[in-house]
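Architecture and fold: a report
The chain contents come next:
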Number of protein chains: 2
Amino acid sequence: MTKIKELRCVIGGCRYSLDEVSYTCPVHGEVGTLDILYDYAALREAVDRDEISASKRNNFWRYKALLPVDADSRVPPLAVGWTPLYDARRLADHFGLSRVWVKDDGANPTGSLKDRASALVLARALEAGFSTVSAASTGNAAAALAGLGAALPEIEVLIFVPASAPSAKIAQLLVYGAIVLLVEGTYDDAFELCMQICQEQGWYLRNTGVNPFTTEGKKTVALEIAEQLDWQVPDVVAVSVGDGSIISGIHKGFCDLLHLGWIDRVPRLIGVQAEGSAVLAGAFAAGSSPEEIQRQSVTTIADSIAAELPRDRAKALRAVRETDGAYVTVSDDHIVTAIPKMAQLSGVFAEPAAAATFAGLERALRTGILDPGESVCLVSTGNGLKDIESARKSVSGELRVAADIDAVKTALQTVKVL
Amino acid sequence: MTKIKELRCVIGGCRYSLDEVSYTCPVHGEVGTLDILYDYAALREAVDRDEISASKRNNFWRYKALLPVDADSRVPPLAVGWTPLYDARRLADHFGLSRVWVKDDGANPTGSLKDRASALVLARALEAGFSTVSAASTGNAAAALAGLGAALPEIEVLIFVPASAPSAKIAQLLVYGAIVLLVEGTYDDAFELCMQICQEQGWYLRNTGVNPFTTEGKKTVALEIAEQLDWQVPDVVAVSVGDGSIISGIHKGFCDLLHLGWIDRVPRLIGVQAEGSAVLAGAFAAGSSPEEIQRQSVTTIADSIAAELPRDRAKALRAVRETDGAYVTVSDDHIVTAIPKMAQLSGVFAEPAAAATFAGLERALRTGILDPGESVCLVSTGNGLKDIESARKSVSGELRVAADIDAVKTALQTVKVL
């Protein structure tokens, strides 16, 4: 893996070689997540963006040359990434923006953007010969690891979840054959136990914010947005934020492309948080450093972005600050009403955490954070089918009728179809 | 639309021009569904399969030249089709077959193969200037019409469902902005009312088996299987069957390719039905004609393939008979256990109707209908996230532990991970 130049701590700038560290910075601890930095000059010589654009590989491995795996390394077989980017004119009209695109990452194999991180982490695990990979998660990351791992017989997937996790989510993990540990405690308890057993047993840890390679998987969504727009990036990219790992990945992807000279600027990044889980938005508004951030108890309908102590807080704050972006917050009510609005204006049915981004754009426009002249890409991070219960709260209006044509006509008159 | 030569009744061979009929054969009634036949000699001259293979259009409109819409016609914007075809070696080993592929059509925008039919029907409706399109359905077809229609402001989507339909399925329709009529009656009542109001009001009817263009949308899954295998088709294609419209579409797609000279044979088609909804399997075993088929009351966990009187029975029987294929039936228990088996061996999480195909292959091998030397493509018609309740019935085995490392270790010993 000679193309990786070094791993650099996001807090102190401490530099390590690939052999020196496994996860976070030994000096700065958990908040000291690491950047995977490449020899960009060498990559610029070796990789041609037009060759990538000509690739028939309809998944994110079209960027294998820009990822921390060897060219001939085996990768999980499911088709992750290269998801549709929709030119959403009706959304643009709705917002009064010049141009809006929706990146539909709910189209991934297990229904969320997290498939990108899991696929990459599993490829690394295969390279290194690990036979057990573990994560603590109640949601999309766990489903992604279980699903992507299912097609790999040599890898056992072990998931730690709080015992309070919804049984539908646990069902999906079991369907994929993961070993599921229901921890009688909080998410943090599950997280700590997962870390501890991985360290003791020498298993590979997929946890967001801890394993720096998850960012490398997530960065591919930025590579795709750039390529799908013929390397002319939008003014703004907006995405919802919980642990902060997705916005960090998007930032890293655009930075890599800038270092390669394939794009001429990094878009402004707007992070959207739920009002009830707004640790990063609060830190951004207060001008706090990542080290100052304290755990808060949180509650929101958008479970995928509930985070008491965002694990990728250092990278996530940097992503917004360095790009002249912003954090905005939205209420749960606003999130719920955004689900059908977004579906009806774009055709994309999003889970609450993804619809939160739609709500956040409305708010960013109202508060002047977003200028109507800007072009915006909305990253939809999860499929609406993942949380049909929340969708149900967002809609009503079905017409109950007797099995009789006159009853049908009367009903249709009430909604002015007749 | 000069490339369409004629519409031909599948029962009597009666021939019509596009202007003469709207839906089924006026002579043979509802069972007399129509084939859309092209001027294949002209198509052979005009269309080059290598040009299609070089297309960067990552959706089924790459085959627009082979579909009943004009080259410059507007189409719904969502990315339907061009779904992954997985070379599923572990499935092949499991079945003891030489080669198995999984065509993952759950990756479509609303999560099922039905998106293909809805996208095509909506494109036809746009061409003809219809402003209302309607369908009767409890499931995937309705979601597909509502979802694909959501991105089209000029089209109103009207869905008729029996009032007993699951509220989660109704929620999805409402999220997409469809007008939903809950009919206090059976599926047949909803179907008849939908037909009647469309005829009265001049609205466009999407109903499977009635609208012959639905088959043209579904045929694209066969075109993709052929192209993805470099025009070397598998020996067998297996798919689950309810109304019979999908297997009919697959048959039509391969027949079109044979007429074009792009493939050298049509694969054997194996239709899988649930034991509790096996009208076509019964008719096939009894050697009945389509006109002899009677309505039966049915019950199965695989709601997407529950059909009392399969609407596309004539085409669906022909598909199997003409290709030296077969119908097999599987129990609901077998379907439920197939969900995790298929997910763990292929990474594809399928809804019950799609997992039924997996169960059907096991049965076809056991009964000698399938020969171990044959290569098989399993068409997975719907995403498992559509029916998480059924998936939950298929699995257990989560390990409940105290928030304590020793408890974790003890639990992992019970499953022999430690």
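Residues numbered from 1 in each chain as written. Chains lettered and ligands numbered in written order. Predicted model: local features only at pLDDT ≥ 70, side-chain atom pairs only at ≥ 80, totals over all residues.

Looking now at the overall build of chain A. If you tally the helices and strands in chain A, you get 16 helices and 14 strands. At 21 Å, chain A has a C-alpha radius of gyration in line with the 22 Å of a compact globule built from 418 residues. Dimensions of chain A, computed from the C-alpha atoms along their principal axes, are close to 75 × 50 × 45 Å. Taking all 418 residues of chain A together, the buried fraction comes to 61%. Here the analysis covers contacts within chain A between residues at least 6 apart in sequence; of these, 70% occur between residues at least 24 apart. (Helix = DSSP H or I, 4+ residues; strand = E, 2+ residues; numbered from the N terminus. Rg over C-alpha atoms; globule rule 2.2 N^0.38 Å. Buried ≥ 20, exposed ≤ 12 C-beta atoms within 10 Å, placed from the backbone. Contact = placed C-beta atoms within 7 Å.)

Attention shifts here to helix α11 (residues 279-286) of chain B. Burial in α11 of chain B covers these residues: Val 279, Leu 280, Ala 281, Ala 283 and Phe 284 of chain B. Gly 287 of chain B sits one or two positions beyond α11 of chain B and adopts a positive phi of about 70 degrees.

Read from one edge to the other, the open sheet built from five strands follows the order β9(A)-β6(A)-β7(A)-β8(A)-β14(B), with strand pairing classed as parallel. Unpaired on one side and paired on the other, β9 (204-205) of chain A together with β14 (399-402) of chain B mark the two borders of the sheet. As judged from the five bridges shared by strand β6 (residues 132-136) of chain A and strand β7 (residues 156-162) of chain A, these two strands associate in the parallel manner. Note on β7 of chain A: the bridge partner recorded for Ala 135 of chain A is Ile 159 of chain A. (Pairing = 2+ DSSP bridges.)

To continue, consider the interface of chain A and chain B. Facing 66 residues of chain A, the contacting portion of chain B comprises 66 residues. Tallying contributions element by element places helix α6 (residues 167-175) of chain A first for the side of chain A that touches chain B, with seven residues. Of the residues in the side of chain A that touches chain B, the class split is 43 nonpolar, 15 polar and eight charged. Judged from the four bridges that link them, strand β8 (residues 179-184) of chain A and β14 of chain B form a sheet pairing that is parallel. Bridged to Leu 181 of chain A within β14 of chain B is Leu 399 of chain B. (Nonpolar A, V, L, I, M, F, W, Y, C, P; charged D, E, K, R; others polar.)

In this section: the packing of helix α4 (residues 114-128) of chain A against helix α5 (residues 140-150) of chain A. Residues and elements named next belong to chain A. In contact at an axis separation of 8 Å, α4 and α5 are set at 50 degrees when each is read in the N-to-C sense. Classified by the angle their axes make, α4 and α5 are oblique. Between α4 and α5 the crossing geometry is right-handed. Residues Lys 114, Asp 115, Ala 117, Ser 118, Ala 119 and Leu 122 of α4 lie in contact with α5, whose contacting residues are Asn 140, Ala 141, Ala 144, Leu 145, Leu 148 and Gly 149. (Axes fitted to C-alpha atoms, helices over the stretch in contact; angles between N-to-C directions. Parallel < 35°, antiparallel > 145°, perpendicular 65-115°, else oblique. Left-handed = near helix turned anticlockwise from the far one by under 90°.)

Residues and elements named next belong to chain B. With respect to the element layout, Gly 106 can be found in the loop between β5 (99-104) and α4 (114-128). Note on Gly 106: 26 C-beta atoms within 10 Å, which makes it buried. The sequence separation of Gly 106 and Asp 72 amounts to 34 residues, and the corresponding C-alpha distance is 28 Å. Residues within four places of Gly 106 in sequence aside, it is in contact with Gly 111, Ser 112, Ala 350, Ala 354, Ser 380, Gly 382, Asn 383 and Gly 384.

Most of the time, phi is negative for any residue but glycine, and the peptide bond is trans. Residues and elements named next belong to chain B. Its identity is not glycine, yet Asp 230 carries a phi of approximately 55 degrees, on the positive side. Along the chain, Asp 230 falls in the loop between α9 (220-228) and β10 (236-240). For Asp 230, a count of 8 C-beta atoms within 10 Å corresponds to the exposed category. The backbone phi angle of Trp 231 is positive, close to 65 degrees, even though this residue is not glycine.

Here the focus is the environment of Ser 22 of chain A. Mapped onto the fold, Ser 22 of chain A is located in the loop between β2 (15-16) and β3 (34-38). Taking C-alpha positions, Ser 22 of chain A is 10.0 Å from Leu 34 of chain A, a pair spaced twelve residues apart along the chain.

With that out of the way, let us pick up the pairing of strand β1 (residues 4-9) of chain A. Within a regular strand, side chains alternate between the sheet's two faces. All names here are of chain A. Pairing geometry for β1 and β3, over five bridges, is antiparallel. Bridged to Cys 9 within β3 is Leu 34. As judged from the two bridges shared by β1 and β2, these two strands associate in the antiparallel manner. Across the sheet, residue Arg 8 finds its bridge partner in β2, namely Arg 15. Between β1 and β2, which pair antiparallel one after the other, the connecting turn spans five residues, and Gly 13 there sits at a positive phi close to 75 degrees.

What follows concerns helix α5 (residues 140-150) of chain B. Helical geometry: 3.6 residues make up each α-helical turn, so side chains three or four residues apart lie on a common side. Most of α5 of chain B is tucked away: eleven of the eleven residues are buried. Along α5 of chain B, the positions that sit buried rather than exposed are Asn 140, Ala 141, Ala 142, Ala 143, Ala 144, Leu 145, Ala 146, Gly 147, Leu 148, Gly 149 and Ala 150 of chain B. Those residues of α5 of chain B that are buried are in contact with α13 (332-346) of chain A together with α4, β6 (132-136), β7 (156-162) and α6 (167-175) of chain B.

Note: a rotation about an axis with an accompanying shift along it relates these two copies of the chain. Structural alignment of chain A on chain B gives an RMSD of 0.0 Å, achieved by rotating through 180 degrees and translating 0.0 Å along the axis. Classification of the inter-copy transformation places it as that of a two-fold axis. Both copies contact each other with a shared surface, as 100% of the interface residues of chain A are interface residues in chain B too. (Least-squares fit on C-alpha atoms with pLDDT ≥ 70 in both.)

Residues and elements named next belong to chain A. Running from amino to carboxyl end, α13 crosses helix α14 (residues 352-366) at an angle of 90 degrees, the nearest separation of the two axes being 8 Å. Taken together, α13 and α14 sit at an angle that is classed as roughly perpendicular. Between α13 and α14, the residues in contact are His 334, Ile 335, Ala 338, Ile 339, Lys 341 and Met 342 and Pro 352, Ala 355, Ala 356, Phe 358 and Ala 359, respectively.

All names here are of chain A. As judged from the five bridges shared by β7 and β8, these two strands associate in the parallel manner. Bridge pairing in β8 links Pro 162 to Val 183. Chirality of the crossover, the property in question, places the unit of β7, α6 and β8 among those that are right-handed. (Right-handed = clockwise from strand over helix to strand, strands pointing away.)

So, about the nonpolar core. By size, the foremost hydrophobic cluster in this structure holds 304 residues, and its most contacted members are Ile 159 and Ala 356 of chain A together with Ile 159 and Ala 356 of chain B. Ignoring any residue separated from it by four or fewer positions in sequence, one finds Ile 159 of chain B in contact with Ala 135, Ser 137, Ala 142, Leu 145, Ala 146, Leu 173, Ala 178, Val 180 and Leu 181 of chain B. (Core = buried A, V, L, I, M, F, W, Y, C linked by C-beta atoms within 7 Å.)

Here the focus is the sheet that holds strand β1 (residues 4-9) of chain B. Read across the open sheet, the three strands follow the order β2-β1-β3 (chain B); overall the sheet is antiparallel. Edge positions in the sheet fall to β2 (15-16) and β3 (34-38) of chain B, since each of these pairs with one other strand and no more.

So, on to the confidence of the model for chain A. Per-residue pLDDT for chain A averages 96, and the proportion of residues at 70 or more is 100%. Predicted complex, confidence summary: ipTM 0.96, pTM 0.97. (pLDDT = per-residue confidence, 0-100.)

Here we come to the environment of Leu 280 of chain B. Residues and elements named next belong to chain B. With respect to the helices and strands, Leu 280 occurs in helix α11. Leu 280 sits 114 residues away from Ser 394 along the chain, and the two C-alpha atoms are 27 Å apart. The contact partners of Leu 280, leaving out residues within four places of it in the chain, are Val 241, Gly 244, Gly 271, Gln 273, Pro 310, Arg 313, Ala 316, Leu 317 and Tyr 327.

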